[in-house]
Amino acid sequence: MTGIQSVAVQAARKNEFRQLRLDGVSRQFGGANALDKLSLTIERGEFIALLGPSGCGKSTALNCMAGLLPLTDGTIWLDEQRIDPLPPEKRGFGMVFQNYALFPHLSVSRNVGFGLKMRGVAGAEIDRRVAAALDTVQLQGHATKLPGQLSGGQQQRVAIARAIVIEPPLILMDEPLSNLDAKLRIEMRSEIRRIHRAQGCSTVYVTHDQDEAMAMADRVVVMKLGVVQQIGTPQEVFSRPAKLDIARFMGYRNVLPVKVAQADGSRVLVDGPGGVRLGGVAMQALDAGPAVAAIRPDEIVIGEGANAFAGTVESAEYGGREWLLQVRTAFDDLLYVRSPRNAGVGAAIMLSVPADRVLVYPAQEEAA
Ligand SMILES: Nc1ncnc2c1ncn2[C@@H]1O[C@H](COP(=O)(O)OP(=O)(O)OP(=O)(O)O)[C@@H](O)[C@H]1O
């Protein structure tokens with residue numbers, strides 16, 4: 001083991017590091033950028049979600065951190081130690097994958113203890129740490145079972161126990177809940193948060209599900225085509241998407257053609273077709289002229305209000321707690337409105353939306 005390796009391995013315990021730093025981390029496949037210059041500092045205790053559509057480079061980023069993929073460019077640092085030349089086992093990170101990757105012929109406790117055994121930890125110490133990890137994931141009574149005797153959620157907990165038992169500074173999770181049903185997924189979200197807090201380590205969590213990222217992360221890294229689009233708290237990314245693309249991804253389903261009539265700092269007045277005038281918020285510097293306004297269906301309410309316009313209901317779909325209406329307005333496309341009440345197909349209605357929930361982007365964003 002070289003000097004740099006032994007130092008990194010010693011530091012790779014959850015309570016012995018301050019931050020992990022990615023500096024211009026890039027990975028190409030056959031000349032194409034799967035990940036382009038990712039720079040990110042992850043503090044100890046932080047929960048980071050890598051969020052984006054399929055193929056945007058999330059798994060590539062995670063695998064670069066894990067050491068499963070060599071970098072084409074850039075460096076990775078654990079405090080002052082450069083770790084990107086190290087193989088996965090020398091980084092000492094915990095990993096949890098979508099398919100659990102448990103050994104089917106080994107008991108739960110032997111699955112969990114496997115990494116410790118590989119590291120040459122003594123038997124009594126393995127028993128103690130396995131018991132503690134099973135306690136953390138609340139699988140105390142299942143130690144002697146085989147994975148096949150457990151539910152999907154329990155198997156996922158075993159995979160998490162196996163990751164935390166080595167007391168890693170960083171746990172990397174790649175879509176760990178996507179094989180579970182909707183109810184269990186929601187239960188496991190808070191479970192993973194609880195375990196993350198109990199461990200005091202950092203977690204990087206890959207998902208394409210914006211709800212999951214919002215619910216779990218301290219900070220969200222939004223990616224597209226290998227490039228980071230925005231890094232912020234869930235609240236920042238959700239309520240102030242930096243780009244129109246991110247807004248679409250965050251559920252701003254109505255993207256309306258408008259013209260900027262007046263801009264006063266971030267407050268703008270925009271004109272739509274048919275004399276509709278809306279107050280909005282400029283998300284980037286705006287000149288007078290063409291722009292687009294992005295609005296989430298659940299921000300529009302039925303009824304008169306300050307920022308109001310008329311429409312006719314064309315369809316109404318019942319979604320359990322609320323209705324998804326499609327409303328014909330002066331704007332080009334049908335407008336989506338999520339409402340607790342059904343106005344009735346054919347009804348002429350007024351719609352209103354708070355000005356600070358009308359996000360206005362330059363028109364060229366639409367073409368980007
Ligand atoms: N081993 C590989 N060889 C060639 N191209 C690859 C390889 N792995 C990934 N890619 C490409 O790199 C890009 C990013 O892939 P990546 O798996 O990181 O995306 P992702 O955001 O994790 O997607 P998903 O959510 O579908 O897993 C994609 O265009 C993909 O086709």
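See the structure above.
Rules used throughout
- Residues numbered from 1 in each chain as written.
- Predicted model: local features only at pLDDT ≥ 70, side-chain atom pairs only at ≥ 80, totals over all residues.
- Heavy atoms only, no water.
- Pairing = 2+ DSSP bridges.
- Helix = DSSP H or I, 4+ residues; strand = E, 2+ residues; numbered from the N terminus.
- Axes fitted to C-alpha atoms, helices over the stretch in contact; angles between N-to-C directions.
- Core = buried A, V, L, I, M, F, W, Y, C linked by side-chain atoms within 4.5 Å.
- Buried < 20%, exposed > 50% of the residue type's maximum accessible area, 1.4 Å probe, protein only.
- Contact = heavy atoms within 4.5 Å.
- Near = heavy atom within 4 Å.
- Polar contact = N/O pair within 3.5 Å; in protein donor to acceptor, adjacent residues only side chain to side chain.
- Areas by Shrake-Rupley, 256 points an atom, 1.4 Å probe, with all protein chains shown as cover.
- Nonpolar A, V, L, I, M, F, W, Y, C, P; charged D, E, K, R; others polar.
- Parallel < 35°, antiparallel > 145°, perpendicular 65-115°, else oblique.
- Left-handed = near helix turned anticlockwise from the far one by under 90°.
- Expected span 1.5 Å × (residues − 1).

J.: For this particular structure, what's the right way to read the pairing of strand S19 (residues 348-352)?
T.: Two faces belong to every sheet, and in a regular strand the side chains alternate between them. Where strand S15 (residues 301-302) and S19 come together, 2 bridges link them in antiparallel fashion. Its bridge partner being in S19, Val301 is matched across the sheet by Ser352. By the bridge criterion, 5 bridges tie strand S16 (residues 308-318) to S19 in an arrangement that is antiparallel. Looking across to S19, one finds that Ala310 is bridged to Met350.

J.: So what exactly am I meant to see when it comes to the sheet that holds strand S7 (residues 170-174) here?
T.: Remark on secondary structure: sheet strands pair via backbone hydrogen bonds, oriented parallel or antiparallel. Within the open sheet, the 6 strands sit side by side as S6-S7-S8-S3-S9-S10. Their pairing is mixed. The sheet is open, and its two edges are formed by strand S6 (94-97) and strand S10 (227-232), each paired on a single side. In this sheet, adjacent strand axes meet at a mean angle of 15° when their direction is disregarded. The sheet contact formed by strand S3 (residues 47-51) and strand S9 (residues 219-224) spans 4 bridges and is parallel. Bridged to Leu50 within S9 is Val221.

J.: Is there a simple way to think about the pairing of strand S11 (residues 254-264) in this case?
T.: Direction of pairing for S11 relative to strand S14 (residues 289-295): antiparallel, over a ladder of 7 bridges. Bridge pairing in S14 places Leu256 opposite Ala293. Examined bridge by bridge, S11 and strand S12 (residues 267-271) share 5 bridges and lie antiparallel to one another. Bridge pairing in S12 links Gln262 to Leu269. Between S11 and the antiparallel strand that follows it, S12, lie 2 residues; Gly265 among them carries a positive phi value of about 65°.

J.: In this structure, what is going on with the nonpolar core? I would like to understand it.
T.: Within the largest apolar cluster, 52 residues are counted, with the highest numbers of intra-cluster contacts made by Val112, Leu134, Val137, Ile160, Ile192, Val220 and Tyr361. Examining the composition of this core, we find that 6 residues originate from one element, helix H6 (residues 152-164), more than from any other. Once residues within four sequence positions are removed from consideration, Ile192 is found in contact with Phe47, Ile160, Met173, Pro176, Leu177, Tyr205 and Met216.

J.: Could you clarify how one ought to interpret the site of the ligand in this entry?
T.: Phe29, Ala34, Pro53, Ser54, Gly55, Cys56, Gly57, Lys58, Ser59, Thr60 and Glu175 make up every residue found near the ligand. For the ligand, an oxygen atom lies 3.0 Å from a polar atom in the backbone of Gly57. Side-chain polar atom of Thr60 to an oxygen atom of the ligand: 2.5 Å apart, as the coordinates give it. Burial of the ligand by the surrounding chains reaches 53%, relative to a free accessible area of 630 Å². No other element matches the 3 residues that helix H2 (residues 58-66) contributes to the shell around the ligand. Considering only residue class, the shell around the ligand consists of 4 nonpolar, 5 polar and 2 charged.

J.: Mind showing me how you'd approach the packing of H6 against helix H7 (residues 182-199) here?
T.: Packed helices, taken two at a time, are described by their axes: the angle between them and the distance between them. The N-to-C vectors of H6 and H7 enclose an angle of 20°; their axes lie 11 Å apart at closest approach. The angle between H6 and H7 places the two elements in the roughly parallel class. Like other packed secondary-structure pairs, H6 and H7 cross with a definite hand, here right-handed. Only Leu184, Met188, Glu191, Ile192, Ile195 and Gln199 of H7 make contact with H6, whose side of the interface consists of Gly153, Gln156, Arg157, Ile160 and Ile164. Of the residues assigned to the contact of H6 with H7, the class counts are 6 nonpolar, 3 polar and 2 charged.

J.: Is there a simple way to explain the packing of helix H4 (residues 108-118) against H6 in this structure?
T.: In the contact formed by H4 and H6, the axes pass within 7 Å of each other and the chain directions differ by 30°. Relative to H6, the element H4 lies roughly parallel. With respect to the hand of their crossing, H4 and H6 are arranged in right-handed fashion. Listed contacts from H6 to Val108, Asn111 and Val112 of H4 are Val158, Ala161 and Arg162. Of the residues that constitute the contact of H4 with H6, the class distribution is 4 nonpolar, 1 polar and 1 charged.

J.: Help me out: how do you make sense of H7 in this one?
T.: At 3.6 residues per turn, the α-helix brings residues three or four places apart onto the same side. Counted at 1.5 Å a residue, the expected span for H7 with its 18 residues is 26 Å, and the 26 Å between its end C-alpha atoms agrees. Burial in H7 covers these residues: Met188, Arg189, Glu191, Ile192, Arg193, Ile195, His196 and Gln199. On its buried side, H7 packs onto S3, helix H5 (123-136), H6, S7, strand S8 (202-207) and helix H8 (210-216). Where H7 begins, one side-chain oxygen reaches toward the backbone nitrogen of Lys183, 3.2 Å away; that side chain belongs to Asp181.

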